[in-house]
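Overview (structure and organization)
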Amino acid sequence: MELGGAGPAAGPGAALGRGGLEALQHTVGSVLASYGWYMLLAVVAVYLLVQKVSRSLAARPSGRSGAAEAAEEPDVVVRRQEALAAARLRMQEELNAQAERYKEKQRQLEEERRRQKIAMWESMQEGKSYKGNLKLNQQEVESGASASAVPKSKPNKKPLRGGGYNPLSGEGGGTCSWRPGRRGPSAGG
């Protein structure tokens, strides 16, 4: 045995390995030169697809673990359902109370209208003017209804422009006035 390692059996295998390596390198180089950008684009697309799928799987709760938790804690589910039922019942009671208040308010308004009509009919039978009484009654009703509301103060109304200004008249708009040109052919010659 030789310690140098370059015997007659090692020579042909090493030469074949170098030639095969050069052929492989040449083949890979030509494939990369021809299709390199397409391969790079495909690798990036596969990477992004794998990332998106892994995120969606991580974000989605597993059906088996949720079922196991529900099987382990049925009393929690029952308490949650009872709380929902109680909340719905409270909301329904509030809605019923609001509807009852609204009906009562409507009854009172209808009764007040009926009284006004009766008063108007009686004043007509006596030969009195009923319109004045009607206005007074309406003001009493409005003042009674808006007693809790803050009265609105009306500001002094002043016109936005002078009384003589009319933009459609063509007068009084200032020194410049536009008039359309003459119709017909141009006076050229």
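Calculation rules
- Residues numbered from 1 in each chain as written.
- Predicted model: local features only at pLDDT ≥ 70, side-chain atom pairs only at ≥ 80, totals over all residues.
- Heavy atoms only, no water.
- Helix = DSSP H or I, 4+ residues; strand = E, 2+ residues; numbered from the N terminus.
- Areas by Shrake-Rupley, 256 points an atom, 1.4 Å probe, with all protein chains shown as cover.
- Expected span 1.5 Å × (residues − 1).
- pLDDT = per-residue confidence, 0-100.
- Patch = residues over 30% accessible without salt bridge, like charges linked within 9 Å, V, L, I, M, F, W, Y side chains within 5 Å.
- Salt bridge = Lys/Arg side-chain N within 4 Å of Asp/Glu carboxyl O.
- Buried < 20%, exposed > 50% of the residue type's maximum accessible area, 1.4 Å probe, protein only.
- Polar contact = N/O pair within 3.5 Å; in protein donor to acceptor, adjacent residues only side chain to side chain.

What follows concerns the overall build of the chain. When its secondary structure is counted, the chain shows 4 helices and 0 strands. Counting from the amino terminus, helix and strand elements in the chain follow one another as α-α-α-α. Of the accessible surface of the chain, which amounts to about 18,300 Å², a share of 59% is contributed by carbon and sulfur atoms.

Side chains that are three or four residues apart share a direction in an α-helix, a result of its 3.6 residues per turn. The end-to-end C-alpha separation of helix α3 (residues 74-126) is 78 Å, in line with the 78 Å expected for 53 residues at 1.5 Å each. Just downstream of α3 lies Gly-127, where phi reads positive at about 90°.

Right, let's get into the confidence of the model for the chain. Taken residue by residue, the chain gives an average pLDDT of 78. The fraction at 70 or more is 61%. α3 holds the highest mean pLDDT among the elements of the chain, 94, whereas helix α2 (residues 63-72) holds the lowest, 57.

A cluster of nonpolar side chains, namely Leu-21, Leu-24, Val-28, Val-31, Leu-32, Tyr-35, Tyr-38 and Met-39, defines an oily patch on the protein surface of about 830 Å² accessible area. Along the polypeptide, Leu-32 turns up in helix α1 (residues 10-59).

Positionally, Ser-123 belongs in helix α3. On the accessibility criterion, Ser-123 (5% relative accessible area) is buried. Only 2.8 Å separates the side chain of Ser-123 from the backbone oxygen of Met-120, close enough to count as a polar contact.

Summed over the entire model, instances satisfying the criterion amount to 7 salt bridges. With its nearest N and O atoms 4.0 Å apart, the salt bridge here joins Glu-100 to Arg-107. Classification of Glu-100 as partly exposed rests on a relative accessible area of 44%. The partner of Arg-113 in a salt bridge is Glu-110, and the shortest N-O contact between them spans 3.4 Å. Note that Arg-113 and Glu-110 are positioned in helix α3 at a spacing of 3 residues, about one turn of the helix. With a relative accessible area of 42%, Arg-113 lands in the partly exposed category.

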